Amino acid sequence: QVQLVESGGGLVQAGGPLRLSCAASGRIFSTYTMGWFRQVPGKEREFVARITWSGSTYYADSVKGRFTISRDGAKNTVYLQMNGLKPEDTAVYYCAAAKTNWVRPDYWGQGTQVTVSS
């Protein structure tokens, strides 16, 4: 069974860093695009960042230059390093995995809360 397990969320002051991790089942990690979405109550889930199996990365304009996505094949884990956090980054962050269509990922994690205080 495919599982995505997130960790690393929490409370941080504005301007500070935080790193999210997502551990994935081995059978999907090497061939799937992995990434992150986030959602605020009352709003639609929005794309944050993704990394393909070959290592290409893509970011939402709102996080470009502040967030970095990476993956460790040996650990079947994808990371989201978040620097220069802003209160508007507060959201539940979801890890996702997609085989072919990133718009509709095949698998989701349970979500981890990130709260940035001003």
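Refer to the structure presented above.
Remember, predicted model here, so these are calculated numbers, not experimental data. (Residues numbered from 1 in each chain as written. Predicted model: local features only at pLDDT ≥ 70, side-chain atom pairs only at ≥ 80, totals over all residues. Heavy atoms only, no water.)

Some words on the overall build of the protein chain
Link 1 in the chain: Secondary structure summary: the protein chain contains 1 helix and 11 strands in total.
Link 2 in the chain: Mapped from its N terminus to its C terminus, the protein chain presents α and β elements in the order β-β-β-α-β-β-β-β-β-β-β-β.
Link 3 in the chain: By the compact-globule yardstick of 13 Å for 118 residues, the protein chain fits well, its C-alpha radius of gyration being 13 Å.
Link 4 in the chain: Taking the principal axes of the C-alpha coordinates as reference, the protein chain spans close to 40 × 30 × 25 Å.
Link 5 in the chain: Scored against the burial criterion, the 118 residues of the protein chain give a buried share of 44%.
Link 6 in the chain: Counting contacts in the protein chain only where the partners sit at least 6 residues apart, residues at least 24 apart contribute 55% of the total.
Link 7 in the chain: Carbon together with sulfur atoms contributes 48% to the accessible area of the protein chain, which is approximately 6,300 Å² in total. (Helix = DSSP H or I, 4+ residues; strand = E, 2+ residues; numbered from the N terminus. Rg over C-alpha atoms; globule rule 2.2 N^0.38 Å. Buried < 20%, exposed > 50% of the residue type's maximum accessible area, 1.4 Å probe, protein only. Contact = heavy atoms within 4.5 Å. Areas by Shrake-Rupley, 256 points an atom, 1.4 Å probe, with all protein chains shown as cover.)

With respect to the pairing of strand E5 (residues 46–51)
Link 1 in the chain: Sheet analysis places strand E4 (residues 33–39) next to E5, joined by 5 bridges and oriented antiparallel. Across the sheet, the residue bridging to Trp36 is Ala49, located in E5.
Link 2 in the chain: In this antiparallel pair of consecutive strands, E4 and E5, the connection spans 6 residues, and Gly42 shows a positive phi of 90 degrees.
Link 3 in the chain: Where E5 hands over to strand E6 (residues 57–59), the hairpin turn is made up of 5 residues, of which Gly55 adopts a positive phi near 100 degrees. (Pairing = 2+ DSSP bridges.)

Considering unusual backbone geometry
Most peptide bonds take the trans form, and the phi angle of most residues other than glycine is negative.
Link 1 in the chain: Positive phi outside glycine occurs at Asn76, with the angle close to 50 degrees.
Link 2 in the chain: Inspection of the secondary structure puts Asn76 in the loop between strand E7 (67–72) and strand E8 (77–82).
Link 3 in the chain: Of the residues examined, Asn76 reaches a relative accessible area of 22% and is grouped as partly exposed.

Some words on the state of the cysteines
Link 1 in the chain: Following the criterion strictly, the structure yields 1 disulfide and no others.
Link 2 in the chain: The disulfide that involves Cys22 links it to Cys95, with 2.0 Å between the sulfurs. One quick way to see it: the torsion about the S-S bond of Cys22 and Cys95 is about -80 degrees, and its sign makes the bridge left-handed. Of this pair, Cys22 sits in strand E3 (residues 18–24) while Cys95 sits in strand E9 (residues 91–98), and the two are 73 residues apart along the sequence.
Link 3 in the chain: What makes Cys95 buried here is its relative accessible area of 0%. (Disulfide = S-S within 2.5 Å.)

Description of the side chain of Thr112
Link 1 in the chain: Residue position: Thr112 is located in strand E11 (residues 112–117).
Link 2 in the chain: At 3.3 Å, the side chain of Thr112 and the backbone nitrogen of Gly9 are in polar contact. (Polar contact = N/O pair within 3.5 Å; in protein donor to acceptor, adjacent residues only side chain to side chain.)

Some points on the packing of aromatic side chains
Link 1 in the chain: By the definition in use, this model includes 6 aromatic pairs.
Link 2 in the chain: Note on Phe37 and Phe47: the rings are 6.1 Å apart at their centroids and 75 degrees apart in plane angle, and the pair reads as edge-to-face. In this pair, Phe37 sits in strand E4 while Phe47 sits in strand E5, placing the two residues 10 residues apart along the sequence.
Link 3 in the chain: What makes Phe37 buried here is its relative accessible area of 9%.
Link 4 in the chain: Clustering of aromatic rings is evident, with ring pairs tying together Phe37, Phe47, Tyr94, Trp102 and Trp108.
Link 5 in the chain: If you follow Arg50 out to its NZ or CZ, it ends over the ring of Tyr58, 4.3 Å from the centre. (Phe/Tyr/Trp six-rings, centres within 6.5 Å; stacked < 30°, edge-to-face > 60°. Lys NZ or Arg CZ within 6 Å of the ring centre and 35° of its normal.)

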